[in-house]
Amino acid sequence: MTSGEAQARTLPDVWLHDNVSVPSQREWPHPLAHYVHQLGPTERATIRITPTDPLEVPLGLKRISDGLMRIALLGYRGVLPWASAHHVARVLQAGTYSMHPVAMRNARRGWEAIASLALYEYLTVDIAATPSERYPLHFRQMPLRVRIAELALRSGGATP
């Protein structure tokens, strides 16, 4: 047996042992992800994304792993502190869906990817939400998934 044959036999064994997470049975995008399009311009501008460590991104979850790795790389390269959430949505749109100029303009699928990662709690996304009726000049800091749940309840949708 040559060394090449030995490596060929052991490589699948590596894949079978705890190096790849169990494939995700989660729906993509999240059923409530489309409510991210109801965010106002101020809310979109105040979104802050905290990336996961690139070494802690779960593998084998297809779009979840891919989106988390792209965001983790933006954080690793130092892009996230100055990047808007729309820039991150465009990166996800281009990497996972379509780079057509019309699709890239609004990056709808990229925004839904950010919302899905936040709703499944794989990613920490904070937002300064619109003021409440009680305090009209005070923007509330909250997780994006909580704000999306508020929008879903207001629209009559289901909660996660």
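Parameters and conventions
Residues numbered from 1 in each chain as written. Predicted model: local features only at pLDDT ≥ 70, side-chain atom pairs only at ≥ 80, totals over all residues. Heavy atoms only, no water. Helix = DSSP H or I, 4+ residues; strand = E, 2+ residues; numbered from the N terminus. Buried < 20%, exposed > 50% of the residue type's maximum accessible area, 1.4 Å probe, protein only. Contact = heavy atoms within 4.5 Å. Areas by Shrake-Rupley, 256 points an atom, 1.4 Å probe, with all protein chains shown as cover. 1 Å grid on protein atoms, 1.4 Å probe; cavity = no way out; pocket = protein on both sides within 12 Å on 5 of 7 lines; lining within 4 Å. Points joined across faces, edges and corners; volume = space filled by probe spheres on them. Nonpolar A, V, L, I, M, F, W, Y, C, P; charged D, E, K, R; others polar. Core = buried A, V, L, I, M, F, W, Y, C linked by side-chain atoms within 4.5 Å. Axes fitted to C-alpha atoms, helices over the stretch in contact; angles between N-to-C directions. Parallel < 35°, antiparallel > 145°, perpendicular 65-115°, else oblique. Expected span 1.5 Å × (residues − 1). pLDDT = per-residue confidence, 0-100.

Participant: Explain the overall build of the chain residue by residue, including any values.
Facilitator: Within the chain, the regular secondary structure consists of seven helices and three strands. Written out in order from the N terminus, the α and β elements of the chain read α-α-β-α-α-α-α-β-β-α. For the chain, the residues scored as buried account for 34% of the 160 residues in total. Long-range contacts, defined as pairs at least 24 residues apart, comprise 58% of the intrachain contacts of the chain with a sequence gap of at least 6. Total accessible area on the chain is roughly 9900 Å²; 56% of this is exposed by carbon and sulfur atoms.

Participant: How would you summarise empty space enclosed by the protein if you had to cite specific residues and measurements?
Facilitator: Tallying each qualifying case throughout the model produces one cavity of 30 Å³ or more. Quantified by volume, the largest cavity comes out at close to 30 Å³. Contributing to the lining of the largest cavity are Trp-28, Arg-63, Gly-67, Leu-92, Thr-96, Tyr-97, Ala-113 and Leu-117. Where the lining of the largest cavity is concerned, the elements lending two or more residues are helix 3 (63-76), helix 4 (85-96) and helix 6 (108-119). Counted by class, the lining of the largest cavity contains five nonpolar, two polar and one charged residues.

Participant: Lay out the nonpolar core in plain terms, naming residues and giving numbers.
Facilitator: Of all hydrophobic cores here, the largest spans 39 residues; its most connected members are Ile-47, Ile-49 and Leu-144. Those elements that place two or more of their residues in this core are helix 3, helix 4, helix 6, strand 2 (124-129) and helix 7 (144-155). The dominant element in this core, judged by the number of residues it contributes, is helix 6, at seven residues. When residues no more than four places from it in sequence are discounted, the contact partners of Ile-47 are Leu-39, Ala-85, Trp-111, Val-125, Asp-126, Ile-127 and Leu-144.

Participant: Quick one: what's the story with the packing of helix 4 against helix 6, residue by residue and with numbers?
Facilitator: Axis separation between helix 4 and helix 6 bottoms out at 7 Å; the angle between their running directions is 105 degrees. Relative to helix 6, helix 4 is oriented roughly perpendicular. Contacts between helix 4 and helix 6 involve Ala-85, His-86, Val-88, Ala-89, Leu-92 and Gln-93 on the former and, on the latter, Arg-108, Arg-109, Gly-110, Trp-111, Ala-113 and Ile-114. Split into classes, the residues belonging to the contact of helix 4 with helix 6 amount to seven nonpolar, three polar and two charged.

Participant: Break down helix 7 for me, citing the residues and quoting the values.
Facilitator: With twelve residues, helix 7 ought to run about 16 Å at 1.5 Å a step, and its terminal C-alpha atoms sit 16 Å apart, in line with that. Here helix 7 has its buried residues at Leu-144, Arg-147, Ile-148, Ala-149, Leu-151 and Ala-152. Its buried side turned inward, helix 7 meets helix 2 (41-45), helix 6, strand 2 and strand 3 (140-143). Directly beyond the C-terminal end of helix 7, a positive phi value near 90 degrees is found at Gly-156.

Participant: Can you break down unusual backbone geometry residue by residue, with the values?
Facilitator: Cis geometry is adopted by the peptide bond preceding Pro-29, which originates at Trp-28 and carries an omega value of -10 degrees. Position of Pro-29 among the secondary structure elements: in the loop between helix 1 (3-16) and helix 2. Unusually for a residue other than glycine, Lys-62 sits at a positive phi of about 55 degrees. Position of Lys-62 relative to the elements: it lies in the loop between strand 1 (48-50) and helix 3.

Participant: Got a sec to walk through the confidence of the model for the chain? Specific residues and values, please.
Facilitator: The share of residues in the chain with pLDDT of 70 or more is 82%, and the mean pLDDT across the chain is 84. Mean pLDDT across the secondary structure elements of the chain bottoms out at helix 1, with 51, and peaks at helix 6, with 96.

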